[in-house]
Amino acid sequence: MSSSTSAASKPTFDKPLKLPLSHEDIDRINAYLRDLTPEQILTWAVEHVPGLYQTTAFGLTGLVAIDMLSKITSNPPPLIFIDTLYHFPETYELVEDVKKRYNREVHVYKPAGCETVQDFEKKYGERLWETDETTYDYLVKVEPARRAYEELGVKAVITGRRASQGADRANLQPLEVDSTGLVKLNPLFAWTFPFVQWYVDENKVPRNKLLDQGYRSIGDWHSTAKSGEGDQGERAGRWAGKAEKTECGLHVDYFKLKAAAEEKLKQKALAEQTKESAPATSTAPAVQTSA
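Every value quoted in this text rests on a predicted model; they were computed, and no experiment measured them. (Residues numbered from 1 in each chain as written. Predicted model: local features only at pLDDT ≥ 70, side-chain atom pairs only at ≥ 80, totals over all residues. Heavy atoms only, no water.)

Looking now at the overall build of the protein. Looking only at helices and strands, the protein has nine helices and six strands in total. A total of 291 residues make up the protein; the buried ones form 45% of that total. Counting only carbon and sulfur atoms, one obtains 51% of the accessible surface of the protein, whose full area is about 15800 Å². (Helix = DSSP H or I, 4+ residues; strand = E, 2+ residues; numbered from the N terminus. Buried < 20%, exposed > 50% of the residue type's maximum accessible area, 1.4 Å probe, protein only. Areas by Shrake-Rupley, 256 points an atom, 1.4 Å probe, with all protein chains shown as cover.)

Right, here's the structure in full:
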């Protein structure tokens, strides 16, 4: 990567960037992006980042990025939506609203081999998120996302993560690279929720109707609740009662999650095979005797 840092000119970077990025490259890029507005970060990304897509669950921050990109370029990065099959009806309605408002196509990826909830539960059982949350996250979110990246040739994704969301996101940088080499661009990393809300209202950005019903952060219906009184966290209502859980799986170590999920699936398959191969036991009919 070439870079000049004279006072008279801003840094210059390869167009497109040469991947993979070194730690030095990442530090140099972040030093430049850190002081830019979200619109400027997105403009830079469209010009410099190869294989760029936007993954979104159509939360407010992702919607802001979609709206900003519509004003920056006539050819914005394609959208990817991971359909877990367990989204609220209002979320699916929002997807259609966004497609119409911005004239966008959306690449939809679902759990492998499943088109419906019935398909998924026939393969893995009901309420898997209660009995094996790690495997659930892998099957409905992580595996479909990796499949999308491989099939579409994705090298980088725009996310809706922000530092003010706290937990693992507190030290978020404008650009990161995960354990698989995927570049993650976080254009609104420095914005707080009031800025996001202001932009949505000011630009009449489509939003999930559930936000007007007491929800603050919306995911799958079974892991999302209305925020309680006094609960003002930006992701309030997500994974209620699970203080240790702050991410759905898409932003944790892919290889660790994949290994853990595959081991559990292997154990489950082995147990079912053992059960099926066990000889059936029968009880001989009782012999009746006369007095």
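Turning next to the pattern of salt bridges. For the coordinates displayed, the defined rule picks out 18 salt bridges. Lys 99 serves as the salt-bridge partner of Glu 96, at 3.5 Å between the closest nitrogen and oxygen. With Glu 96 and Lys 99 both in helix 4 (residues 89-102) and three residues apart, this pair spans about one turn of that helix. Note that Glu 130 is salt-bridged to Arg 127, the shortest N-O span being 2.9 Å. Look at Glu 130 and you get exposed, because its relative accessible area is 52%. Here the salt bridges share partners, and the residues they tie into one network are Glu 24, Asp 25 and Arg 28. (Salt bridge = Lys/Arg side-chain N within 4 Å of Asp/Glu carboxyl O.)

Here the focus is the pairing of strand 3 (residues 106-109). Each regular strand shows side chains that alternate between the opposite faces of the sheet. The pairing of strand 2 (residues 79-82) with strand 3 spans four bridges and is classified as parallel. Opposite Leu 79, over in strand 3, you have Val 106 as the bridge partner. Handedness of the crossover joining strand 2 and strand 3 through helix 4: right-handed. (Pairing = 2+ DSSP bridges. Right-handed = clockwise from strand over helix to strand, strands pointing away.)

All right, on to helix 9 (residues 254-277) then. Between its first and last C-alpha atoms helix 9 spans 34 Å; for 24 residues at 1.5 Å apiece the expected length is 34 Å, and the two agree. Buried residues of helix 9: Tyr 254, Leu 257 and Ala 261, and no others. (Expected span 1.5 Å × (residues − 1).)

This paragraph deals with the sheet that holds strand 1 (residues 52-55). By way of backbone hydrogen bonds, the strands of a sheet pair with one another, either parallel or antiparallel. With mixed pairing, six strands are arranged side by side in an open sheet as 3-2-1-4-6-5. Of all the strands in the sheet, the pair left with one neighbour each is strand 3 and strand 5 (175-177). Within the sheet, the average angular offset between the axes of one strand and its neighbour, ignoring direction, is 30 degrees. The pairing of strand 1 with strand 2 spans two bridges and is classified as parallel. Residue Thr 55 lies in a different strand from strand 2, and its bridge partner there is Ile 80. In this fold helix 1 (residues 23-33) packs onto strand 5 and strand 6 (183-185), with an angle of close to 160 degrees to the strand it touches most, strand 5. Helix 2 (residues 38-48) rests against strand 1, strand 4 (156-158), strand 5 and strand 6 of the sheet, and its axis sits at about 150 degrees to strand 6. (Axes fitted to C-alpha atoms, helices over the stretch in contact; angles between N-to-C directions. Contact = heavy atoms within 4.5 Å.)

With that settled, the discussion passes to the environment of Val 49. Looking at the secondary structure, you find Val 49 in the loop between helix 2 and strand 1. Those residues in contact with Val 49 that lie beyond four places of it in its chain are Leu 17, Trp 44 and Ala 156.

Moving on, we get to the pairing of strand 2. Side-chain alternation along strand 2 places Leu 79 and Phe 81 on one buried face and Ile 80 and Ile 82 on a second face that is also buried. In terms of handedness, the path from strand 1 via helix 3 (residues 60-72) over to strand 2 forms a crossover that is right-handed.

Following the criterion strictly, the structure yields 17 aromatic pairs and no others. Here the aromatic rings of Phe 13 and Trp 44 are separated by 5.8 Å at their centres, their planes lie at 90 degrees, and the arrangement is edge-to-face. Pair noted here: Phe 13 is in the segment before helix 1 and Trp 44 is in helix 2, with a separation of 31 residues, a long-range link. Classification of Trp 44 as buried rests on a relative accessible area of 4%. Consider the rings of Trp 191 and Tyr 199, whose centres lie 6.3 Å apart with planes at 55 degrees: the pair is tilted. Exposure class is identical for Trp 191 and Tyr 199. Each is buried. A connected cluster of aromatic rings, assembled from ring pairs, spans Tyr 86, Phe 120, Tyr 124, Trp 129, Tyr 136 and Trp 221. Geometry around Phe 193 places Arg 216 over its ring, the cationic atom sitting 5.4 Å from the centre. (Phe/Tyr/Trp six-rings, centres within 6.5 Å; stacked < 30°, edge-to-face > 60°. Lys NZ or Arg CZ within 6 Å of the ring centre and 35° of its normal.)

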